[in-house]
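Notes for the structure review
One letter stands for each residue in the lines below.
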Amino acid sequence: MVLFRCLSRLSTLRSRTGNDCLNFLCDDYCQVQQPNNLGSVRWLQMQTSTDLDLHSQLKELIPEQQERLKKIRSDYGKVQLGNITTDMVIGGMRGMVGLLWETSLLDPEEGIRFRGLSIPECQKVLPAAQPNGEPLPEGLLWLLLTGKVPSKEQVNALSKELRDRATVPDYAFKAIDALPVSAHPMTQFTTGVMALQVQSEFQKAYDQGIHKSKYWEPTFEDSLNLIARLPAVAAYVYRRIFKDGKIIPLDESLDYGANFSHMLGFDDPKMHELMRLYVTIHSDHEGGNVSAHTGHLVASALSDPYLSFAAALNGLAGPLHGLANQEVLLWIKSVVEECGENISKDQLKDYVWKTLNSGKVVPGFGHGVLRKTDPRYMCQREFAMKHLPNDPLFQLVSKLYDVVPPILTELGKASARSIQTQLETTEQGATSSNNQSGDLTNFPSFYLHYIQVKNPWPNVDAHSGVLLNYYGLTEARYYTVLFGVSRSIGICSQLIWDRALGLPLERPKSVTMEWLENHCKKAAAA
């Protein structure tokens, strides 16, 4: 009977996902496995329990994962994970393995995987609000926390729980109101998050002497409360700045993404679908990016989820991180303003070169880890092709997809050749024709940017603004707040597991330039 139930469930799932079926672990007795192209085995656990309570699900899972981590440390604690070079130390720790992050993993070629599932796979198996629709963010939250794909009933229950937790105290709004309306939306948003900290369950429990083995439980309460309340706080900021402060209350009949759209003031069903997709794909991108790492770092000091996430938001607000989505739309609109909506590819090439030659980068292209087109870009492109194929800005984005990568690829090659020439002539004591001093300090920094990135392809920011703009959310300064609401799902999910696994205070070793010089000289002489 058990085998029949497993095969029946697997057959149903295959009919949902097509012939390229994923790998499933249907329950404890039925397992199907298939190696992926990285040479490992991926498992997808289907939620077979009828329990609708996420807390109880976690309570069952945590002891097993605690033992798993103990065994990893016991068996492999002295195994080296790679060599640390001087380039890594002074280059932003790129490529350095130094952080445990369970909820997602970023591969340079494949892109992000949430608990082993790619974005297209998540779109196939996570419950949606409508047939063949975009995944509900609540389903991704369940997946990140449990490692299991939830049923529609479980997602509906979690959606209701988040609505029940969504009441924001008045003093949080008053804290925002103390700021000038002209303050950046991220400043106002972070202020609201800090005000919510007054009700931290973790802080209360810690002050009362809670045992460390129970830290995860008040962290869970704080995290779900925070995730639930962020859309209301974010919508308040938007309506305060751009809509004369006219607030729209939560709708008890709507899911998380749709309610966020509704409270912002957008009730087009397609905008609801876009918000579900947006929140889902922006939720997590492993632990090394600025916002995720900052949240983990601050939380490792046992700061509560509100303090940790507020710190993460301040990292997200930087131009090299979450603020980039704002810069993309502004740049695209500058193209239209100067050249018109019907710009040809040749005209666009000229404008791209004009941008580069002015010492700027083309926003929305390149990534610190990815070496191919960002899958988050591709799923937004597919959404646009389905819902707004004739939109002029989308057509411009499509032209940029054809025009920019070849230019950046050639630019990187040309810059590398020029640098090599300068290095060779400097070594020979000759004068470089490109730099009369033979010194590389004046070499255009924007060229070096593309050499270092090694990725001319568009990232997630290259597309999101155009979609939002199409449905009426035209205020680019606000876009990073949307990113912040989304990122709470990934950061808070991992923070709960940080507490459950008892991960320690983060404290890497730093060194001085003198130490580096001495160490490298000794290594060279050895």
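Just so it is clear, the structure is predicted and the values come from calculations on it, not from any experiment.

Criteria and thresholds
- Residues numbered from 1 in each chain as written.
- Predicted model: local features only at pLDDT ≥ 70, side-chain atom pairs only at ≥ 80, totals over all residues.
- Heavy atoms only, no water.
- Helix = DSSP H or I, 4+ residues; strand = E, 2+ residues; numbered from the N terminus.
- Buried < 20%, exposed > 50% of the residue type's maximum accessible area, 1.4 Å probe, protein only.
- Contact = heavy atoms within 4.5 Å.
- Areas by Shrake-Rupley, 256 points an atom, 1.4 Å probe, with all protein chains shown as cover.
- Phe/Tyr/Trp six-rings, centres within 6.5 Å; stacked < 30°, edge-to-face > 60°.
- UniProt positions renumbered as here; feature names shortened; annotations may be inferred.
- Polar contact = N/O pair within 3.5 Å; in protein donor to acceptor, adjacent residues only side chain to side chain.
- Core = buried A, V, L, I, M, F, W, Y, C linked by side-chain atoms within 4.5 Å.
- Axes fitted to C-alpha atoms, helices over the stretch in contact; angles between N-to-C directions.
- Parallel < 35°, antiparallel > 145°, perpendicular 65-115°, else oblique.
- Left-handed = near helix turned anticlockwise from the far one by under 90°.
- Nonpolar A, V, L, I, M, F, W, Y, C, P; charged D, E, K, R; others polar.
- pLDDT = per-residue confidence, 0-100.
- Expected span 1.5 Å × (residues − 1).
- Salt bridge = Lys/Arg side-chain N within 4 Å of Asp/Glu carboxyl O.

So, on to the overall build of the protein. In terms of helices and strands, the protein carries 22 helices and eight strands. A total of 526 residues make up the protein; the buried ones form 52% of that total. Across the protein, contacts joining residues at least 24 apart in sequence account for 74% of those joining residues at least 6 apart. Within the structure as shown, the protein displays about 25,200 Å² of accessible surface, and the carbon and sulfur contribution to it stands at 53%.

Here we come to helix α13 (residues 290-299). Those residues of α13 lying buried are S291, A292, T294, G295, H296 and A299. On its buried face, α13 is in contact with α14 (305-316) and α21 (479-501).

Here the structure, examined in full by the defined rule, presents twelve aromatic pairs. A centroid spacing of 6.1 Å and a plane angle of 25° characterise the contact between F202 and Y206, whose relative ring orientation is stacked. Taken together, the residues F202 and Y206, both in helix α9 (residues 201-207) and four residues apart, mark about one turn of the helix. Exposure remark for F202: the relative accessible area of 2% places this residue in the buried category. On the accessibility criterion, Y206 (42% relative accessible area) is partly exposed. Of the aromatic side chains, those joined through ring pairs into one cluster are Y238, F242, F266 and Y478.

We now examine the UniProt feature "active site" (unreviewed entry) in the protein. UniProt records the feature "active site" (unreviewed entry) for H321, H367 and D461 in the present numbering. Along the chain, the position of H321 falls in the loop between α14 and α15 (324-339). A distance of 2.9 Å separates polar atoms of two side chains, one belonging to H321 and the other to S291.

Moving on to the side chain of H262. As for its position among the elements, H262 is in helix α11 (residues 256-264). The contacts of H262, once residues within four sequence positions are left out, are I248, P249, D251, L254, D267 and H272.

A few words on the nonpolar core. The biggest cluster of nonpolar side chains holds 115 residues, and the ones touching the most others in it are F189, L264, I332, V352, L473, Y478 and L482. With 15 residues, the single largest contributor to this core is helix α10 (residues 216-242). Not counting residues up to four positions away in its chain, the partners in contact with V352 are W331, V362, L400, V403, V404 and I407.

What follows is about the packing of α11 against α21. Any two packed helices are characterised by how steeply their axes cross, that is the angle between the axes, and by the distance between the axes. Packing of α11 against α21 brings their axes to within 13 Å, and their N-to-C directions diverge by 155°. What the angle tells us is that α11 and α21 run roughly antiparallel. As α11 runs across α21, the sense of the crossing is right-handed. Together, Y256, F260 and L264 of α11 and L482, V485 and S488 of α21 make up the contact between the two elements. Taken together, the residues that form the contact of α11 with α21 break down as five nonpolar, one polar and no charged.

Looking now at the confidence of the model for the protein. Should pLDDT be low for a region, the predicted coordinates there are not to be read in detail. The share of residues in the protein with pLDDT of 70 or more is 81%, and the mean pLDDT across the chain is 85. Ignoring residues within four places in sequence, the model shows residues 1-43, a span with pLDDT below 50, making 60 contacts including any to other chains. Counting contacts from residues 429-453, a segment whose pLDDT is below 50, to residues more than four positions away or on other chains yields 39 contacts.

With respect to the helices and strands, S159 occurs in helix α6 (residues 152-164). Not counting the four nearest positions on each side in its chain, S159 is found in contact with E138, L254, D255 and Y256.

Right, let's get into the environment of L329. Assignment of secondary structure puts L329 in helix α15. On the basis of relative accessible area, L329 is assigned to the buried category, the value being 1%. Residues L329 and L393, spaced 64 residues apart in sequence, show a C-alpha to C-alpha distance of 9.4 Å. If sequence neighbours within four positions are ignored, L329 has contacts with L393, G465, V466, N469, T474, A476 and Y479.

The next subject is helix α8 (residues 185-196). Taking 1.5 Å per residue as the helical rise, α8 with its twelve residues ought to reach 16 Å, and the 17 Å between its terminal C-alpha atoms agrees with that figure. Of all twelve residues that make up α8, nine are buried, and the element is covered over most of its length. Along α8, the residues that are buried comprise P185, M186, Q188, F189, T190, G192, V193, A195 and L196.

This next bit is on the pattern of salt bridges. All chains considered together, the criterion is met by 16 salt bridges. For R276, the salt bridge identified is with D255, shortest N-O distance 2.8 Å. Taken together, the residues R276 in helix α12 (residues 269-281) and D255 in the loop between α10 and α11 connect sequence positions 21 residues apart. Each of the two residues, R276 as well as D255, counts as buried. When the shortest N-O distance is used, the salt bridge between R276 and E273 registers 2.7 Å.

All right, on to unusual backbone geometry then. At R115, a position not held by glycine, the phi torsion is positive, near 50°. Mapped onto the elements, R115 comes out in the loop between β7 (111-114) and α4 (119-125). Its identity as a non-glycine residue notwithstanding, E286 has a phi of 50°, on the positive side. Looking at where E286 falls in the secondary structure, it is placed in the loop between α12 and α13.

Turning to the packing of α13 against α21, a few remarks are in order. Between α13 and α21, the least distance of the axes is 10 Å, while the angle of their chain directions is 35°. In terms of crossing hand, the pair formed by α13 and α21 is right-handed. Facing S291, A292, G295, H296 and A299 of α13, the residues of α21 in contact are R487, I491, L495, D498 and R499. Per-class residue counts for the contact of α13 with α21 are four nonpolar, three polar and three charged.

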